[in-house]
Amino acid sequence: MTIPSNKSNTRIILQLVALTVFMFGFGYALVPLYDTFCLAFGLNGKTGVTDNQSAVARGIDNTRWVTVQFTSHTASGLPWEFTPGQHSVKVRPGQLADAVYTAQNRAQRPVVGRATYSVAPAAAAVHFKKTECFCFTNQVLNPGELKEMPVRFVVDKDLPADIHTITLSYSFFNAEKYLSAKDKAQLGVVKADADGKS
Amino acid sequence: MATAETAHHEHHDHHPTGLMRWVTTTNHKDIGTLYLLFSLLMFMVGGAMAMVIRAELFQPGLQIVDPHFFNQMTTMHALVMIFGAIMPGFVGFANWMLPLMIGAPDMALPRLNNWSFWILPFGFAMLLGSLFTAGGGPAGGWTLYAPLSIQGGMSVDMTIFAVHMLGVSSVLGAINVIVTIFNMRAPGMDLLKMPLFVWTWLITAFLLIAVMPVLAGAVTMLLTDRHFGTAFFDPAGGGDPVLFQHIFWFFGHPEVYILILPAFGILSEIIPTFARKPLFGYVSMVLAVAGIAFLSFIVWAHHMFTVGMPLVGELFFMYSTMLIAIPTGVKIFNWVATMWRGSLTFETPMLFAVSVVFLFTIGGLSGLMLAITPADFQYHDTYFVVAHFHYVLFSGAIMAMMGGAYYWLPKWTGHMYDERLGKWHFWTTAIFFNITFFPQHFLGLAGMPRRIPDYALQFTEFNVISSIGAFGLGISQILFVYVVYKCIQGGERATQEVWDNPRGLEWTLPSPPPYHTFETPPVIK
Amino acid sequence: MLRSSKPFAVLAMFSMLLTATTAVKAEWGLNLPTPVTPIGEEILNLHNLIMLICAVIFVGVFSVMFYSLYAHRKSKGHEASQFSHSTKAEIIWSVIPALILVGMAIPSTATLIHMEDTTEADLTVKITGYQWKWRYDYLDSGFHFYSNLSTDRAQILNEAEKGPNYLLEVDRELVLPVGKKVRFLVTANDVIHAWWVPKLAVKKDAIPGFINEIWTRIDEPGTYRGQCAELCGKDHGFMPIVVRAVPPEEYDAWVAEKQAAMEQAAADGARAWGRNELIAKGKEVHSTCAVCHGADGKGIPNVFPPIAGSDVAQGPVEQHLEVVMNGRQGTPMQAFKHQLNDVELAAVITYQRNSFGNATGDLIQPADVSVLR
């Protein structure tokens, strides 16, 4: 008989099982890896974050203007009116600038929304840095409440010379699904629009 | 069985008979048969779904099914064919042939082998059962792209659970294959003496272990997004839908090679036999398979050029994808060189093998076209892509399996199949396949998107032709079932060698081989 | 699952099919459609080049194979030689393909760089994919509209003859000026869609929460049709795209007209409306509803419910508004709040509640609608 001892089988099996588990973990590890990658390369319009000080530390490039354009989207299912307060602003690279979005709840009840943002073109995204932003956090608006949401940003001096227009887009979604029961009770939020799926 | 004195005494004698034999079997031949029959069954089920799709697309307008059910059919057709027909089919070949080819008495882990198979029927009961839930089966495409799949009903959860079960089955099968190949080879069966089918399966098994868990991770994230408040992919919670596509295709592209590499192995067994010549460039064949497997990990984003990647990313994935043409080309050239100056005959297995080389190359070249990023923007998600992947998966994987089945059926059953009917099956399959899928290239170029239940009038003619081809292709496969059935039932007795002086240890055994083989390892020259 | 009572009717039509359809609408297109943009031109040339190279390789390789199949048959008495490798040959057939690939990569890279250059655009249009329609925002001109499939449902159900632009026609087209660089910002509301017009060679995924950028410059005036190219649910096949490219002057006039209409609509929405004008306007808007519910509000028995005498049109106003604005899940009744403005909704609901024998006497004002959005 040449059937090898079970011992050597066990070893390979254990190695292969370890590889399987590792690859399952790797699937999950792709999530932070991807985020890092996105930030590094501006994939998907992910942008960098910075603080006020370091934003202006490198001085202003007075040789050119960059137009920053603002757009917004309110997803169905969020009974808000959400719009940029300005169509666009012209900025110098390296100069801190402010913009504002306004949101108003048109429903008869408090509603929680959450925003994501995206910057186009992708090549500009890494060079567009926000120091203040209302994204990825729950925003509660009471019936009829109007709220101004400020964005402070700086366009990096390293922005490629051929980019003259950058678009910043915010999309607001109903965040009710992501609230725990406790949050909901606290915020007094009730089930959102029936047409969440329309 | 005169083997009672061997170490494996307890599994040998007294195996149950009837149904329990199949439920409890740990014999690689039994399990191989189970896998192959299961694969054939799923092939017919998935094929029936294709018939529904083609019947609806026979004419513009909605005739037979509503758009929602149509989407369920396209989704299920893909899932059933990939996870039910092709993957278990190849595992069936592996079970039957690997021990015979490397001179091993059985697979290394027989009980695990039994489990790997018996998970499958339950997985598919779950998957197919989802069609009968309220709201019907999964309808978001087999790729389960978020956020569409987050919207679906309970059927999506059942699909996720089924995918987990099929994944476990595949990974267990893959572990078994690797351990068998590493530990069970007969003395003298060096790695570089192994038949190419064994090589392709070894590499496939590693691919399976590397990527099936990643798919499991992706669908688990989908499940927690759907029910447990995570937001990996849902933009409403700060997630990123494109991330799902990256993870999915990190699995998905190696998966494509999981579906085709064993087919390359089968071709590399068949062609030398009927050319009466050794395989040309054995070492370069092995290297080419390994090269393809390696490249498969760095090309995934070519499935998603239109999601909006930075230029550098698009260029990287375009170049890496184009590189795959080189090892694939080497394989094609080597097969042609194997035929060159041989002494060729064209029994049914060879007919299938030659047509796979020919038709797969059409799919390979359209794949090269798809790799060209700017052009891909026009081809992406059109019928051009549908035509492409049917050329590689049907006339690659499926037809190679059919060739393999005709090649080894006499060995498995001890009877020759009906050569006349086999040839009929080949010609009808090859001709109707081309009638079905060649016009789809034109449809895609003309602008017909995939996964639509109804289309604009300028697409009518080619859809009519394609549907007629599909009905013919479907009917032809009933002939295949009949030929296999007839061969199992009886027929001319097959000799030990079956063919004209074929290479390989399996041909040194009687046809059919006894229930236990190579209890004493063969001597390798 | 089986929807039609006559699944075999299609088979019956089969014999006359090829003859009948060929004459009327056959295009038998074998290649990419003739593009009308510079990028489209480049892509077509690239596609033709690559396809030609592939075809030459294919014919070359398989001439050898088929020659071998013919000449080296056992039945012709050919004896098998036993060679099994040739390092020289293997190097040659690795290196030559590599060189060919480099030859393919060069023009592909050039085209790709050109495609990704979205700078210096003359105007920007934001495209948002919805299940299952498109929204176009003219960011520089400050107006937007939704674009829906306009093919009659009866045509889809084979109850009426199909028009020449079956499934590729919309109620409001995307109007663009020729000769100008148009930048598209593409996003989505719910799931992933893809905006694709073959003749413009523009295809980009519309992803909720993210914006993608792509551009075009149309050289020839004309109407160009496309479809959603990413599976987005049930009606994925029913959200076409129609682009009408017009000379710049005509475009400017169209924009001015749109802006005026928008101002008018805003003014209309802000004021209180009289009964007669609401009903007159409502009768106009009802043509949208009439597609299913009939001009007389009687619907089609067992398929589309009547408005005449219905509980919805005679019950509470809120419920009527709810159904029309948000649609009914699981039925063909869509949500109309994205397609109709406040005035149109107020008018049509007032009309329906005071017509077809319904006599509620209710009067709904645009302001009543506005608060429900």
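Worth saying up front: this structure is predicted, and the values here are computed from it rather than measured.

Some thoughts on the overall build of chain A
- When helices and strands are tallied, chain A shows four helices and ten strands.
- Reading the secondary structure of chain A in the N-to-C direction produces α-β-α-β-β-β-β-β-α-β-β-β-β-α.
- Taking all 198 residues of chain A together, 48% fall into the buried category.
- Restricting the contact set of chain A to residue pairs at least 6 apart, pairs at least 24 apart contribute 77%.
- Element-wise, carbon and sulfur atoms account for 58% of the exposed surface of chain A, whose accessible area totals about 9,100 Å².

Comments concerning the pairing of strand E1 (residues 123–130) of chain C
All names here are of chain C.
- With eight of eight residues buried, E1 is to be regarded as a mostly interior element.
- Here E1 shows no split at all, with Leu123, Val125, Ile127 and Gly129 on one side and Thr124, Lys126, Thr128 and Tyr130 on the other all buried.
- Taken together, the seven bridges between E1 and strand E5 (residues 181–188) define a ladder with parallel strand orientation. Each bridged residue has a counterpart across the sheet, and for threonine 128 the counterpart in E5 is threonine 187.
- In the sheet, E1 pairs with strand E2 (residues 133–138) via six bridges, with the strands oriented antiparallel. For threonine 128, the partnering residue across the bridge sits in E2 and is arginine 135.
- Where E1 folds back on E2, the antiparallel hairpin that results is connected by two residues.

Focus on the domain arrangement of chain A
- Structurally, chain A comprises domain 1 (10–41) and domain 2 (48–187).
- Here domain 1 of chain A and domain 2 of chain A have C-alpha centroids that lie 33 Å from each other.

Considering unusual backbone geometry
- The amide bond that connects A:Ala120 to the next residue, A:Pro121, takes the cis arrangement and shows omega of -5°.
- Relative to the helices and strands, A:Pro121 is located in the loop between strand E6 (111–120) and helix H3 (122–125).
- Cis geometry marks the peptide bond from B:Ala146 to B:Pro147, where omega comes out at 0°.
- Considering the arrangement of structural elements, one finds B:Pro147 in the loop between helix H5 (110–129) and helix H6 (148–151).

Digging into the environment of C:Glu116
- Positionally, C:Glu116 belongs in the loop between helix H3 (87–115) and E1.
- Residue classification places C:Glu116 among the partly exposed positions, given a relative accessible area of 25%.
- Measuring from C-alpha to C-alpha, the distance between C:Glu116 and C:Asp362 comes to 55 Å, with 246 residues separating the pair along the chain.
- Not counting residues within four places of it along the chain, the set of residues in contact with C:Glu116 comprises B:Met309, B:Leu311, B:Glu314, B:Phe377 and C:Lys204.

Quick notes on the interface of chain B and chain C
- With 105 residues of chain B at the contact, the number on the chain C side is 96 residues.
- Surface buried jointly by chain B and chain C totals about 8,900 Å² across both partners, of which 71% is contributed by carbon and sulfur atoms.
- By the criterion of area lost to chain C, the three top residues of chain B are B:Gln378, B:Leu457 and B:Glu461, representing 8% of everything that side buries.
- At the surface where chain B touches chain C, the tally comes to one salt bridge.
- C:Lys74 serves as the salt-bridge partner of B:Asp500, at 3.5 Å between the closest nitrogen and oxygen.
- Counting across the chain B and chain C interface gives 27 residue pairs in polar contact (both at pLDDT 80 or more).
- With nine residues, helix H13 (residues 325–339) of chain B is the largest single contributor of residues to the side of chain B that touches chain C.
- Partitioned by chemical class, the residues of the side of chain B that touches chain C number 65 nonpolar, 27 polar and 13 charged.

Regarding the interface of chain B and chain A
- Between chain B and chain A, the residue contacts involve 43 residues of the former and 32 residues of the latter.
- Together, the buried faces of chain B and chain A total about 3,300 Å²; carbon and sulfur atoms form 73% of this surface.
- Contact with chain A buries area across many residues of chain B, yet B:Asn183, B:Ala236 and B:Pro310 alone supply 15% of it, more than any other trio.
- At the boundary of chain B and chain A, one finds five residue pairs in polar contact (both at pLDDT 80 or more).
- Broken down by element, the side of chain B that touches chain A gets its largest block of residues, eleven residues, from helix H8 (residues 196–227) of chain B.
- Here the side of chain B that touches chain A is composed, by residue class, of 28 nonpolar, ten polar and five charged.

A short note on the environment of C:Ala71
All names here are of chain C.
- By the element assignment, alanine 71 lies in helix H2 (residues 38–71).
- Overall, the relative accessible area of 14% leaves alanine 71 in the buried class.
- When near neighbours in sequence (up to four residues on either side) are disregarded, alanine 71 contacts Lys76 and His78.

Side note on the sheet that holds strand E3 (residues 143–147) of chain C
Residue and element names in this part refer to chain C.
- The mixed open sheet is built from five strands, whose spatial order is E3-E2-E1-E5-E8. At either margin of the open sheet sits one strand with a lone partner, and together these are E3 and strand E8 (212–217). Averaged over all pairs of adjacent strands, the angle between their axes in this sheet comes to 25°, without regard to strand direction.
- Running over the sheet, helix H5 (residues 248–270) touches E1, E2 and E3 and is turned about 95° from E3.

Topic: the nonpolar core
- Counting 240 residues, the largest nonpolar core has B:Phe83 and B:Trp201 as the members making the most contacts within it.
- Per element, the largest residue contribution to this core is 23 residues, and it comes from helix H4 (residues 67–102) of chain B.
- With near-sequence residues (within four places) excluded, B:Trp201 lies in contact with B:Phe90, B:Val91, B:Ala94, B:Leu98, B:Val177, B:Leu208 and B:Pro262.
- With 38 residues, the next largest nonpolar core counts C:Leu123, C:Ile218, C:Met239 and C:Trp254 among its residues.

Observations concerning H4(B)
Residues and elements named next belong to chain B.
- Between its first and last C-alpha atoms H4 spans 50 Å; for 36 residues at 1.5 Å apiece the expected length is 52 Å, and the two agree.
- The sharpest bend along H4 reaches about 35° and sits at methionine 81.
- Burial within H4 is extensive, with 35 of its 36 residues counted as buried.
- Of the residues that open H4, the one with a side-chain oxygen 3.1 Å from the backbone nitrogen of histidine 68 is aspartate 66.
- With its phi angle positive at about 70°, glycine 103 sits one or two positions after the end of H4.

Rules behind the numbers
- Residues numbered from 1 in each chain as written.
- Chains lettered and ligands numbered in written order.
- Predicted model: local features only at pLDDT ≥ 70, side-chain atom pairs only at ≥ 80, totals over all residues.
- Heavy atoms only, no water.
- Helix = DSSP H or I, 4+ residues; strand = E, 2+ residues; numbered from the N terminus.
- Buried < 20%, exposed > 50% of the residue type's maximum accessible area, 1.4 Å probe, protein only.
- Contact = heavy atoms within 4.5 Å.
- Areas by Shrake-Rupley, 256 points an atom, 1.4 Å probe, with all protein chains shown as cover.
- Pairing = 2+ DSSP bridges.
- Domains from an automatic or database assignment.
- Buried area = accessible area lost by both parts, 1.4 Å probe.
- Salt bridge = Lys/Arg side-chain N within 4 Å of Asp/Glu carboxyl O.
- Polar contact = N/O pair within 3.5 Å; in protein donor to acceptor, adjacent residues only side chain to side chain.
- Nonpolar A, V, L, I, M, F, W, Y, C, P; charged D, E, K, R; others polar.
- Axes fitted to C-alpha atoms, helices over the stretch in contact; angles between N-to-C directions.
- Core = buried A, V, L, I, M, F, W, Y, C linked by side-chain atoms within 4.5 Å.
- Expected span 1.5 Å × (residues − 1).
- Bend = angle between axes of the 7 residues up to and from the residue.

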